[in-house]
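In case you want the letters, here they are:
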Amino acid sequence: TLRTAATAVIPREISYIRALRPLEPPALRAVLDARLAEERAALRDRLLEPERAPVLDRLAAMAPTPRAFLRWVKFLFEEGRLSAGALAEGVAFFLESEYSALDADVLRAVAWCFPTPDGDASEAALLAACGGDRFVFGQLLDHRVVRPRDHWHPATTYRLDPELVCLHPVAWGEGETT
């Protein structure tokens, strides 16, 4: 098969690892502005209405990656929830839509397992958040809610998907978890 042939030719080693650090909110807003430069003026003007600025700033402050920021903005804007009064409801709707196969309460419990949004959590802690259900833990892995810290040795510690940092209490100014 093609996969067999490719694995014989392309080694599975990473010779140069590049760490991607989070961008500051102004840089994320610049990424959004660059994306919007290609959009129709009417759409760009609607998204950048002055009353949306605090919400965009809040999302930029929460976002650990440009992709997470852009996905949140796109989803919330398309669903009409990109406003200060609808942000928490919009995040809940994002979870229901994007992670519909998983229980939202389990997702929240999983987010609380991480001491910081970019911290690590043990399998034992995550399994406890799943009520001890290995099937649910498997779903977390299948849906990439949590990712192994080391993909070559997956049974070590795990990281929270950057798009789910919006569930972590730090994202809402509630401090670190323990």
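The coordinates are above.
(A) The arrangement of the packing of helix α2 (residues 25–36) against helix α4 (residues 53–62) in detail. Between α2 and α4, the least distance of the axes is 8 Å, while the angle of their chain directions is 115°. Crossing handedness for the pair α2 and α4: right-handed. Between α2, through Pro25, Leu28, Arg29 and Leu32, and α4, the contact on the second element is made entirely by Ala53, Leu56, Asp57, Ala60 and Ala61. Of the residues contributing to the contact of α2 with α4, the split by class is seven nonpolar, no polar and two charged.

(B) Looking closely at the sheet that holds strand β3 (residues 157–160). Reading across the sheet, the three strands line up as β1-β3-β2 and stay open at both edges, with antiparallel pairing between neighbours. Unpaired on one side and paired on the other, β1 (120–122) and β2 (146–148) mark the two borders of the sheet. Direction aside, neighbouring strands of the sheet carry axes that sit 45° apart on average. In terms of strand pairing, β2 meets β3 through three bridges, oriented antiparallel. Within the sheet, the bridge partner assigned to Val146 lies in β3 and is Leu160.

(C) Fine view of the packing of aromatic side chains. A complete count under the given rule lists four aromatic pairs for this structure. Relative to Phe94, the ring of Phe75 lies with its centre 5.3 Å away and its plane at 80°, an arrangement referred to as edge-to-face. Placement of Phe75 in helix α5 (residues 66–78) and of Phe94 in helix α6 (residues 87–98) is noted, with a sequence separation of 19 residues between them. Note on accessibility: Phe75 and Phe94 belong to one class, buried. Each residue in the set Phe75, Phe93, Phe94 and Tyr99 is aromatic and connected to the rest through ring pairs, giving one cluster. Against the face of Phe93 rests Arg81, its NZ or CZ located 4.2 Å from the ring centre.

(D) Local environment of α5. With 13 residues, α5 ought to run about 18 Å at 1.5 Å a step, and its terminal C-alpha atoms sit 18 Å apart, in line with that. Considered for burial, the residues of α5 that qualify are Ala68, Phe69, Leu70, Trp72, Val73, Phe75, Leu76 and Phe77. The inward-facing, buried residues of α5 contact α2, α3 (41–47), α4 and α6. Just downstream of α5 lies Gly80, where phi reads positive at about 70°.

(E) Just the packing of α2 against α5, in detail. Packing of α2 against α5 brings their axes to within 10 Å, and their N-to-C directions diverge by 60°. One finds that α2 runs oblique with respect to α5. Crossing of α2 against α5: the hand is right-handed. Residues Leu28, Arg29, Val31, Leu32 and Arg35 of α2 pack against Pro66, Phe69, Leu70 and Val73 of α5.

Each value, and the rule that gives it
Residues numbered from 1 in each chain as written. Predicted model: local features only at pLDDT ≥ 70, side-chain atom pairs only at ≥ 80, totals over all residues. Heavy atoms only, no water. Axes fitted to C-alpha atoms, helices over the stretch in contact; angles between N-to-C directions. Helix = DSSP H or I, 4+ residues; strand = E, 2+ residues; numbered from the N terminus. Left-handed = near helix turned anticlockwise from the far one by under 90°. Contact = heavy atoms within 4.5 Å. Nonpolar A, V, L, I, M, F, W, Y, C, P; charged D, E, K, R; others polar. Pairing = 2+ DSSP bridges. Phe/Tyr/Trp six-rings, centres within 6.5 Å; stacked < 30°, edge-to-face > 60°. Buried < 20%, exposed > 50% of the residue type's maximum accessible area, 1.4 Å probe, protein only. Lys NZ or Arg CZ within 6 Å of the ring centre and 35° of its normal. Expected span 1.5 Å × (residues − 1). Parallel < 35°, antiparallel > 145°, perpendicular 65-115°, else oblique.

Functional significance is not addressed by these values, which are geometric in nature.
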